[in-house]
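Structural features, examined
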Amino acid sequence: QVHLVESGGGLVQAGGSLRLSCVASGSFFSINAMGWYRQAPGKQRELVATITSGGREAYVDSVKGRFTISRDNAENTVYLQMNSLKPEDTAVYYCNARVRTYAYTPVSVDHWGQGTQVTVSS
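For the structure given in this document, a descriptive report is provided here.

Parameters at a glance
Residues numbered from 1 in each chain as written. Predicted model: local features only at pLDDT ≥ 70, side-chain atom pairs only at ≥ 80, totals over all residues. Heavy atoms only, no water. Disulfide = S-S within 2.5 Å. Helix = DSSP H or I, 4+ residues; strand = E, 2+ residues; numbered from the N terminus. Buried < 20%, exposed > 50% of the residue type's maximum accessible area, 1.4 Å probe, protein only. Phe/Tyr/Trp six-rings, centres within 6.5 Å; stacked < 30°, edge-to-face > 60°.

**Considerations on the state of the cysteines**
For the structure on display, the rule yields one disulfide. Note that cysteine 22 is cross-linked by a disulfide to cysteine 95, the S-S spacing being 2.0 Å. Judged by the torsion about the S-S bond (-85°), the cysteine 22/cysteine 95 disulfide is left-handed. Note that cysteine 22 is positioned in strand E3 (residues 18-26) and cysteine 95 in strand E9 (residues 91-100), a separation of 73 residues in sequence. Accessibility classification places cysteine 22 together with cysteine 95 in one group, the buried group.

This is how it looks when you write it as structure tokens:
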């Protein structure tokens, strides 16, 4: 019932920038938090950045100072501004949303987008 669509990936040179967007749609009561994960070939998926509904941000150490997560709660959208990109940032980036489906039950479930490819050339 929850659909996440990522956009904004692409191919950039090292030092370049990209801005990823993720829009949540469907049937749900609220989104508690949204975040971005990434998975490189042969690697496990890792959390890159997360933001709560209250606007608190957290980042993996490797992207601190380069990436900025933000959100528009009114539009159920999360963004990831990626600056000073490095080849090691190359991965499929996935949007995640922790969604409370129903107002009458306090259960939240993680939902995932299909991913958007980010490739950084050296």
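There is more to say after this.
**Overview of the packing of aromatic side chains**
Aromatic rings considered in pairs are described by the distance between their centres and by the relative angle of their planes. Summed over the entire model, instances satisfying the criterion amount to two aromatic pairs. The interplanar angle of 70° and the centroid separation of 4.7 Å between the aromatic rings of tyrosine 37 and tryptophan 112 together place this pair among those described as edge-to-face. Here the residue tyrosine 37 occupies a position in strand E4 (residues 30-39), and tryptophan 112 occupies one in strand E10 (residues 108-112), the gap between them amounting to 75 residues. Pairing tyrosine 102 with tyrosine 104 gives two aromatic rings, centres 5.1 Å apart and planes at 20°, and the pair type is stacked.

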